[in-house]
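Spelled out, the chains give:
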Amino acid sequence: MSSSFNGSALSDEALMAGAQDGDTAAFAELYDRHAGRAFRVAEAICHDTGRAEDALQEAFLAIWRCRAQFNPANGSFKAWSMRIIRNRAIDSRGQVACDQTDGMLGSLRKLPEAQAEVIALAYFGELSHTEIATQLNLPPGAVKGRMRLGLEKLRKQMGVVT
């Protein structure tokens, strides 16, 4: 089955239903919609562009292979796919340290992992507090607390006066 979805107004869940039926064009549209955000999440976690690219590729291969497991009743495609991206990025992070210490990513890397993770998922993954809480299996208050503490530390690191 093949059809043209490029620029379609179909929801992610409708496209995923097509992908579950083997429609590669529907899956390509999902990739086009989410690859940029997924890469930003992977890069924030991996701290390395090459590893982030590998994690992105591995994640979308896993999404294709596991597409039958997606159930929209359990949450959005965006949240489900970001969880897979996040896990692949953590797995590929390895022991390589990166000394790229400028800008937002550099400051984010200096935060405790729990705080950096929620900020990366919110900022780069564009997930809501509720979606992050669901993805990380945390109470929403814990997500908000980690976010608040992390953002306070980022402001100090970047010299932002509030």
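Here is a short report on the structure shown in this document. Here the structure is a predicted model, which is why all the values come from computation and not from measurement. Here the residue numbering is sequential within each chain, running from 1 through the sequence in written order. In view of the model being predicted, local features appear only for residues whose pLDDT reaches at least 70, and side-chain atom pairs are presented and counted only at 80 or more, with totals across whole chains, interfaces and linings using the full set of residues. The side-chain values count all of the structure's non-hydrogen atoms but skip hydrogen atoms and water molecules.

Some thoughts on the pattern of salt bridges
Consideration 1: One side-chain nitrogen of Lys or Arg within 4 Å of one carboxyl oxygen of Asp or Glu is enough to make a salt bridge. Considering all chains together, one arrives at six salt bridges under this definition.
Consideration 2: Its salt-bridge partner being Arg33, residue Glu29 comes within 3.1 Å of it at the nearest N-O pair. With Glu29 and Arg33 both in helix α2 (residues 24-46) and four residues apart, the pair spans about one turn of that helix.
Consideration 3: The partner of Glu117 in a salt bridge is Arg86, with the nearest N and O atoms 2.4 Å apart. Of this pair, Glu117 sits in helix α6 (residues 113-123) while Arg86 sits in helix α4 (residues 77-92); the two residues are 31 residues apart in sequence, bridging distant segments of the chain.
Consideration 4: Accessibility expressed as a relative area gives 14% for Arg86, which makes it buried.
Consideration 5: Among the ionic contacts, a cluster of salt bridges with common partners joins Asp12, Glu29 and Arg33. Here a helix means four or more residues in a row that DSSP labels H or I, a strand means two or more in a row labelled E, and each is numbered from the N terminus. Throughout, exposure labels follow a simple rule: accessible area from a 1.4 Å probe, protein chains only, divided by the maximum for the residue type, with under 20% read as buried, over 50% as exposed, and the rest as partly exposed.

Quick notes on helix α8 (residues 140-157)
Consideration 1: To estimate the expected span of a helix, count its residues, drop one, and scale the result by 1.5 Å. Over its 18 residues, α8 runs 26 Å from end to end, which matches the ideal 26 Å to within 8%, given 1.5 Å per residue.
Consideration 2: Taken together, the buried positions of α8 are occupied by Val143, Met147, Gly150 and Leu154. All buried residues of α8 lie within an arc of 75° about the axis, which places them on one face of the element. With respect to the buried face of α8, the exposed residues turned more than 90 degrees away are Gly141 and Lys156.
Consideration 3: One or two steps after α8, the chain reaches Gly159, where phi turns positive at roughly 70°. Arc definition: directions from the helix axis to the C-beta atoms.

A closer look at the packing of aromatic side chains
Consideration 1: Each Phe, Tyr or Trp ring, with Trp reduced to its six-membered ring, pairs with another whose centre is within 6.5 Å; inter-plane angles below 30 degrees give stacked pairs, above 60 give edge-to-face pairs, and intermediate values give tilted ones. Per the counting criterion, the structure on display carries seven aromatic pairs.
Consideration 2: Taking the centre distance of 5.2 Å and the plane angle of 55° together, the rings of Phe70 and Trp80 count as tilted. Within this pair, whereas Phe70 is found in the loop between α3 (49-65) and α4, its partner Trp80 is found in helix α4, the two being separated by ten residues in sequence. When sorted by exposure, Phe70 lands in the same class as Trp80, which is buried.
Consideration 3: On the basis of an interplanar angle of 80° and a centroid distance of 4.8 Å, the ring pair of Tyr123 and Phe124 is categorised as edge-to-face.
Consideration 4: Directly above the ring of Trp64 sits Arg67, whose terminal nitrogen or CZ lies 3.7 Å from the centroid. Lysine NZ or arginine CZ positioned within 6 Å of the ring centre and within 35 degrees of the ring normal marks a charge as sitting over the ring.

Observations regarding the environment of Arg37
Consideration 1: For Arg37, the position within the fold is in helix α2.
Consideration 2: A relative accessible area of 13% places Arg37 in the buried class.
Consideration 3: Sequence spacing of Arg37 and Phe124 is 87 residues, and the spatial spacing of their C-alpha atoms is 5.8 Å.
Consideration 4: The contact rule is simple, with two residues in contact once any of their heavy atoms fall within 4.5 Å. The residues contacting Arg37, other than those within four sequence positions of it, are Lys78, Met82, Phe124, Gly125 and Glu126.

What to know about unusual backbone geometry
Consideration 1: Residues other than glycine seldom take positive phi values, yet His47 does so here, at roughly 65°.
Consideration 2: Mapped onto the elements, His47 comes out in the loop between α2 and α3.

Brief notes about the packing of helix α7 (residues 129-136) against α8
Relative placement of two packed helices is described by the angle separating their axes and the distance separating the axes.
Consideration 1: Lines fitted to the C-alpha atoms define the axes, with helices restricted to the stretch that makes contact. Angles between their N-to-C directions range from 0 to 180 degrees. One can describe the packing of α7 onto α8 by two numbers: an axis separation of 8 Å at closest approach and a directional angle of 110°. Our classification of the angle between α7 and α8 gives roughly perpendicular. In this structure, α7 contributes His129, Ile132 and Ala133 to the contact, and α8 contributes Pro140, Val143, Lys144 and Met147.
Consideration 2: Gly falls in the polar group here, along with every residue not listed as nonpolar (Ala, Val, Leu, Ile, Met, Phe, Trp, Tyr, Cys, Pro) or charged (Asp, Glu, Lys, Arg). Here the contact of α7 with α8 is built from residues that sort into five nonpolar, one polar and one charged. Throughout, the term roughly parallel applies to angles under 35 degrees, roughly antiparallel to angles over 145, roughly perpendicular to angles from 65 to 115, and oblique to all others.

Considerations on a negative patch on the surface
Consideration 1: Only residues above 30% relative accessible area that lack a salt bridge enter a patch, with like-charged residues linked at up to 9 Å and the nonpolar side chains Val, Leu, Ile, Met, Phe, Trp and Tyr linked at up to 5 Å. Using a 1.4 Å probe, the Shrake-Rupley method yields the accessible areas, and only the shown protein chains count as cover for residues. As used throughout, the charge tally considers Lys and Arg to be positive and Asp and Glu to be negative, leaving His and the chain termini uncounted. For charged residues, the charge sits on one atom: NZ in Lys, CZ in Arg, CG in Asp, CD in Glu. Residues Glu53, Asp54, Glu58 and Asp91 make up a contiguous surface patch of negative charge.
Consideration 2: Accessibility expressed as a relative area gives 40% for Glu58, which makes it partly exposed.

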